[in-house]
Amino acid sequence: MSTAAPDAAVTLVVNELFGPTFQGEGPSQGRLARFVRLFGCHLACCWCDTPQTWDRRRHDLAVEQRHLGVDEALNWLAGTPGDLLVITGGEPLLQQRALEPFLAAVRQNGLAGETEVETSGTIAPSPAVVEAVTRFIVSPKLAHSGLPERQRLRPAALRQFVLSGKASWKFVVQSVPDLDEVEDLVTRYRLNPVWVMPEGTDSATVLDRMRLLADPVLARGWNLTSRLHILLWENARAR
Ligand code: SF4
């Protein structure tokens, strides 16, 4: 592949690259996609489904991370079919400095029709990242994450995502009463559009919670997303 050359010294700290597969969650659910899962997270949600990106008590973090040159990531992308590129984590915006040249080169070289960045919404996106992405999938954490509010909700960052005009809001929900907490955040920060997603890492839990949430979510006029990869492959890595 011949791409416009990014700075060879810039590296991303990656947990895994995978695809083609389907985007399992949110507004692009079911779309053919390539995933770049970045290493590292500054939060510690008690139900986190990717603890290998940050939790040294459960994982050997030295094994779970590798430094990948931006040019190597671009080469992988060029050889992996799909229109959608999903940047996920961990918390990808911890690596904004390296993401900026990567995303710019992806655009410049036409390596993705659309690019989504999945984030907790606690770090404001830089102007260059806003410019380069198609959409942010922002997932502010609720109280059931076990995190104190000051850690999981950063009003200034949330406002930057709203101002970007590129944010979809995906709330991880365990039970119907959680929807009141979502409503409070949606009203307080004027979040739109809203997607509710059941928390769960096995298909039975995801389906049970989807069925409980479907009518209450409809009643509030929001969108509902399953976790397609869990329904298809349970909690397999890199699917
Ligand atoms: S923000 Fe995401 S990656 Fe970080 S601990 Fe929470 S669920 Fe896991």
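For clarity, every value in this text was computed on a predicted model and none was experimentally measured.

Digging into the overall build of the protein chain
Next, step 1: The number of helices and strands found in the protein chain is 9 helices and 9 strands.
Next, step 2: What you see for the protein chain is a C-alpha radius of gyration of 17 Å, in line with the 18 Å of a compact globule of 239 residues.
Next, step 3: In terms of overall dimensions, the protein chain has C-alpha extents of about 50 × 35 × 35 Å along its principal axes.
Next, step 4: Sorting the 239 residues of the protein chain into buried and exposed places 52% on the buried side.
Next, step 5: Excluding contacts between residues fewer than 6 apart, the proportion of contacts in the protein chain whose partners are at least 24 apart in sequence is 73%.
Next, step 6: As presented, the protein chain carries roughly 10600 Å² of accessible surface, and 50% of it is formed by carbon and sulfur atoms.
Next, step 7: Computing the positive centroid from 25 side-chain charges and the negative centroid from 27, the protein chain places the two 3 Å apart.

What about the pairing of strand β5 (residues 114-119)?
Next, step 1: Here β5 lies mainly inside the structure; 5 of its 6 residues are buried.
Next, step 2: Taken together, the 4 bridges between strand β4 (residues 84-88) and β5 define a ladder with parallel strand orientation. Directly across from V86, in β5, lies its bridge partner E116.
Next, step 3: Handedness of the crossover joining β4 and β5 through helix α3 (residues 96-108): right-handed.
Next, step 4: Summarising the sheet, β5 and strand β6 (residues 135-138) pair through 4 bridges and their orientation is parallel. Bridged to T119 within β6 is V138.
Next, step 5: Viewed along the sheet, the connection from β5 through helix α4 (residues 127-132) into β6 turns out right-handed.

Side note on helix α6 (residues 155-164)
Next, step 1: Listing the buried residues of α6 in full gives A157, L158, F161 and S164. For α6, the angular spread of buried residues about the axis comes to 120 degrees, placing them on one side. Those residues of α6 that are exposed and angled more than 90 degrees off the buried face are A156 and L163.
Next, step 2: Residues of α6 that are buried in the fold lie against β5, α4, β6, β7 (167-173) and α7 (178-189).
Next, step 3: Positive backbone phi, at 70 degrees, marks G165, one or two positions downstream of α6.

Considerations on the environment of A78
Next, step 1: For A78, the position within the fold is in helix α2 (residues 70-78).
Next, step 2: Residue A78 is classed as partly exposed on the basis of its relative accessible area of 37%.
Next, step 3: A78 sits 54 residues away from G24 along the chain, and the two C-alpha atoms are 22 Å apart.

The rules behind each value
Position labels on residues start from 1 in each chain and follow its written sequence. Two thresholds apply to this predicted model, a pLDDT of at least 70 for residue-level local features and 80 or more for giving and counting side-chain atom pairs, whereas whole-chain, interface and lining totals are computed over all residues. Side-chain descriptors were evaluated using all non-hydrogen atoms of the structure, hydrogens and water having been removed beforehand. A run of H or I in DSSP becomes a helix once it reaches four residues, and a run of E becomes a strand once it reaches two; helices and strands are each numbered from the N terminus. With C-alpha atoms as the basis for the radius of gyration, the globule rule is written as 2.2 Å multiplied by the number of residues raised to the power 0.38. With a 1.4 Å probe rolled over the protein chains alone, any residue whose accessible area is under 20% of its type maximum counts as buried; one over 50% counts as exposed, and the rest are partly exposed. Two residues qualify as a contact provided that any one of their heavy atoms is within 4.5 Å of a heavy atom in the partner residue. Exposure was quantified through the Shrake-Rupley algorithm and a 1.4 Å probe, taking into account, for residues, occlusion by the shown protein chains and nothing else. Under this rule, positive means Lys or Arg and negative means Asp or Glu; His and the chain ends count for nothing. Charge coordinates come from a single atom per side chain, which is NZ of Lys, CZ of Arg, CG of Asp or CD of Glu. Two strands qualify as a pair provided DSSP detects at least 2 bridges between them. Throughout, right-handed denotes a crossover for which the path from the first strand over the helix to the second runs clockwise when the strands point away from the viewer. In this context, the arc is that of the directions from the helix axis out to the C-beta atoms.

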